[in-house]
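# Analysis of the macromolecular model
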Amino acid sequence: GSHGRTGAVQLSGRADDWRGPQDHLFGCRAKMAAEGPEAPASPTRGGTEGCEGGLGAEGEAAVGPDQDVTPKPASNGAPKPDETTPVQGCNGVNMEASTPAPKPEVAKEEALQPPAPDVVMHVPLNPPMEEVSITYPLEFERYWRAAQENPLDFTAWTELLQYVEQENHIYAARKAFDSFFLRYPYCYGYWKKYADMERRFDFIKETEEVFQRGLQSIPLSMDLWIHYITFLQASLDMNHPDSVQKIRGTFESAIAAAGVDFRSDKLWEMYVEWEREMGNLKAITAIYDRVLAMPTQMYSHHWEKFKEHATSHHPKDILSTEELLWLQSKMASDTVAKTTEAEAEEAPPGEDMPLKAEAMQETGAGDGSQMLGHMDQEKIRELAISIRQQMHAQNEAEVSKRWNFEEGIKRPYFHVKPLERAQLRNWRDYLDFEIASGSHERTIVLFERCVIACALYEEFWIKYTRYLENHSVAGARSVFQRACCYHLPRKPNIHLLWAAFEERQGTPAAPAFWMFLSIW
């Protein structure tokens, strides 16, 4: 069922095994030469569908990437990869499956790197040997030709995809979706549609392959992660011991890739509910401990749900042994301190002092199995909640710093339609804030969110590369590759910056950049 499919071949973003800039540039050159003259960047027919998969986008008083909105205006370029010849282009973000589900690879140069430091190239997994024997639907050729003759006409693509869905022809659908995603990999709604179509034909392996390709391209898509996990829950045999491990591993991969996102609450909630179904109360507590320290939109809801979880179960059922021992020690120390302070002057000469915490542990009072016999479970519960109350208060302060920025993001997903000036300004201000006061990890995630919504705006790719150049050469090179070979292949400014970047790094093939640009 995988005839004529395309998949992701990983090319490491590390400098020691990078293919070399001339390979990427001349690949882009060949790609553009095969396509012919550049077409208009916006759809030629009105009413395009949104990249949420047909949900559409609101009308806006918007500014296009080519308009003068900043002192150094961003220019518009739309991807036009060759549909027949694989190129050294980037198709979003690469993730390495260290668990059964795809997981972002961390570059070796530092502990925290962009969620996608690598390059992904689409090549055929299986040659379409039987292509000549496939009979496509009657009108397929007409819709296909319309999309191929003007690859920048987004409406032509959506009409093609709508047609193949309507005809329910799996081979036509694969050909159409695979070609579409070479140009618009950030459209998570269409990844969902593609996977659903494979599943309708009961192609389980191919369905999972589509999900993994989609998550490689857009790992920050909460909806795509949730759709994939729901698929696994429905298709795996839960009586098999590996099934639980695979689902839990997929949740962890999703959290690693997208859990820092301000709008990741649905994913966290889904993880909690699944562990509750598994009867793993201590795992639920561990998840809450992570999300309570994460600035998200529904931070207050998570706090209330944790308190409900803590008050509904016995402490020994929801807290780890290590935490129970620590709480016992703390409570014992506090008790000893208060008793000593109150009775020190009244103790008769030669009388033993109150038992200290260390002695309690030596006599067995520190044994987790006996602890609740010595300590009031209500006091332990109150102390456990109190400690997390401090965590919640600190997190609330972080949320308040970001709330107005998040409110200003009206279109977090990719679309070919231009963004409003106010939204572009909000992205600039938000990035400046996170760079100045946020962690490196949060800054990287915000940049990745930004270049999804603003994929056709050159200024944000440039801002991203300048930030990364001070942190990771491999990470900066990966972003240049994605921007130049995929999203903005016809914009000379960012290509010049890439050439200058490689020259600063002393890349042996850097002169090839200049030669390429001189003949462009």
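For the structure, check the block above.
The structure displayed is predicted, hence computed values, not measured ones.

## Describing the overall build of the protein
In terms of regular secondary structure, the protein is built from 22 helices and four strands. Looking at the protein as a whole, 52% of its 520 residues are labelled buried. In the protein, of all internal contacts separated by at least 6 residues, the share reaching a separation of at least 24 is 72%. Counting every atom, the protein has about 22500 Å² of accessible surface; 51% of that belongs to carbon and sulfur.

## Topic: the packing of aromatic side chains
Overall, the coordinates contain 29 aromatic pairs when judged by the stated rule. Between the aromatic rings of Phe154 and Tyr184, the centroid separation amounts to 5.0 Å while the plane-to-plane angle is 85°, which identifies the pairing as edge-to-face. Placement of Phe154 in helix α3 (residues 154–167) and of Tyr184 in the loop between α4 (170–181) and α5 (188–200) is noted, with a sequence separation of 30 residues between them. For the pair Trp157 and Phe180, a centre-to-centre distance of 6.1 Å together with 55° between the ring planes defines the contact as tilted. With a gap of 23 residues between them, Trp157 in helix α3 and Phe180 in helix α4 connect regions that are remote in the sequence. Judged by its relative accessible area of 0%, Phe180 is buried. Of note, Arg142 hangs over the ring of Tyr143, and the distance from its end group to the ring centre comes to 4.5 Å. Above the face of the Trp144 ring, Lys175 is positioned so that its terminal group lies 4.7 Å from the ring centre.

## As for the packing of helix α2 (residues 140–149) against α3
Two numbers describe how α2 lies on α3: the axes approach to 8 Å, and their chain directions differ by 155°. In terms of their interaxial angle, α2 and α3 are classed as roughly antiparallel. In the packing of α2 onto α3, the handedness of the crossing is left-handed. Only Ala156, Trp157, Glu159, Leu160, Tyr163 and Val164 of α3 make contact with α2, whose side of the interface consists of Phe140, Tyr143, Trp144, Ala146, Ala147 and Gln148.

## Brief notes about the environment of Ala173
Along the chain, Ala173 falls in helix α4. As for Ala173 and Met197, which are separated by 24 residues in sequence, their C-alpha atoms are 8.2 Å apart. Once you skip the residues sitting within four places of it in the chain, Ala173 turns out to touch Val164 and Met197.

## Here's the deal with empty space enclosed by the protein
Following the criterion strictly, the structure yields four cavities of 30 Å³ or more and no others. Elements supplying a minimum of two residues to the lining of the largest cavity: α17 (421–437) and α18 (440–453). Among the elements that take part in the lining of the largest cavity, α18 stands out by supplying four residues, more than any other. Its residues assigned to classes, the lining of the largest cavity shows five nonpolar, no polar and five charged.

## Quick look at unusual backbone geometry
Even without a glycine there, the phi angle at Asn168 is positive, about 55°. Within the fold, Asn168 resides in the loop between α3 and α4. Its identity is not glycine, yet Asp202 carries a phi of approximately 65°, on the positive side. Residue Asp202 is classed as exposed on the basis of its relative accessible area, which comes to 59%.

## Here's the deal with the packing of helix α19 (residues 458–469) against helix α20 (residues 473–487)
Helices that pack against each other are described as a pair by the angle of their axes relative to one another and the distance between those axes. Where α19 meets α20, the closest approach of the two axes is 8 Å, and the angle between their N-to-C directions is 160°. If you check the angle between α19 and α20, you find them roughly antiparallel. Relative to α20, the crossing made by α19 is left-handed. Of the residues in α20, those touching α19 at Trp461, Tyr464, Thr465, Leu468 and Glu469 are Gly475, Ala476, Val479, Phe480, Arg482, Ala483 and His487. Its residues placed into classes, the contact of α19 with α20 shows seven nonpolar, three polar and two charged.

## Re the layout of surface pockets
Approximately 470 Å³ is the volume attributed to the second largest pocket. Around the second largest pocket sit 20 residues that line it, and Leu220, Met222, Asp261, Arg263 and Pro412 are the ones nearest its centre. Looking at the lining of the second largest pocket, the elements that each hand over two or more residues are α7 (222–235), α9 (265–277) and α18. Its residues assigned to classes, the lining of the second largest pocket shows eleven nonpolar, two polar and seven charged.

Conventions we followed
Residues numbered from 1 in each chain as written. Predicted model: local features only at pLDDT ≥ 70, side-chain atom pairs only at ≥ 80, totals over all residues. Heavy atoms only, no water. Helix = DSSP H or I, 4+ residues; strand = E, 2+ residues; numbered from the N terminus. Buried < 20%, exposed > 50% of the residue type's maximum accessible area, 1.4 Å probe, protein only. Contact = heavy atoms within 4.5 Å. Areas by Shrake-Rupley, 256 points an atom, 1.4 Å probe, with all protein chains shown as cover. Phe/Tyr/Trp six-rings, centres within 6.5 Å; stacked < 30°, edge-to-face > 60°. Lys NZ or Arg CZ within 6 Å of the ring centre and 35° of its normal. Axes fitted to C-alpha atoms, helices over the stretch in contact; angles between N-to-C directions. Parallel < 35°, antiparallel > 145°, perpendicular 65-115°, else oblique. Left-handed = near helix turned anticlockwise from the far one by under 90°. 1 Å grid on protein atoms, 1.4 Å probe; cavity = no way out; pocket = protein on both sides within 12 Å on 5 of 7 lines; lining within 4 Å. Points joined across faces, edges and corners; volume = space filled by probe spheres on them. Nonpolar A, V, L, I, M, F, W, Y, C, P; charged D, E, K, R; others polar.

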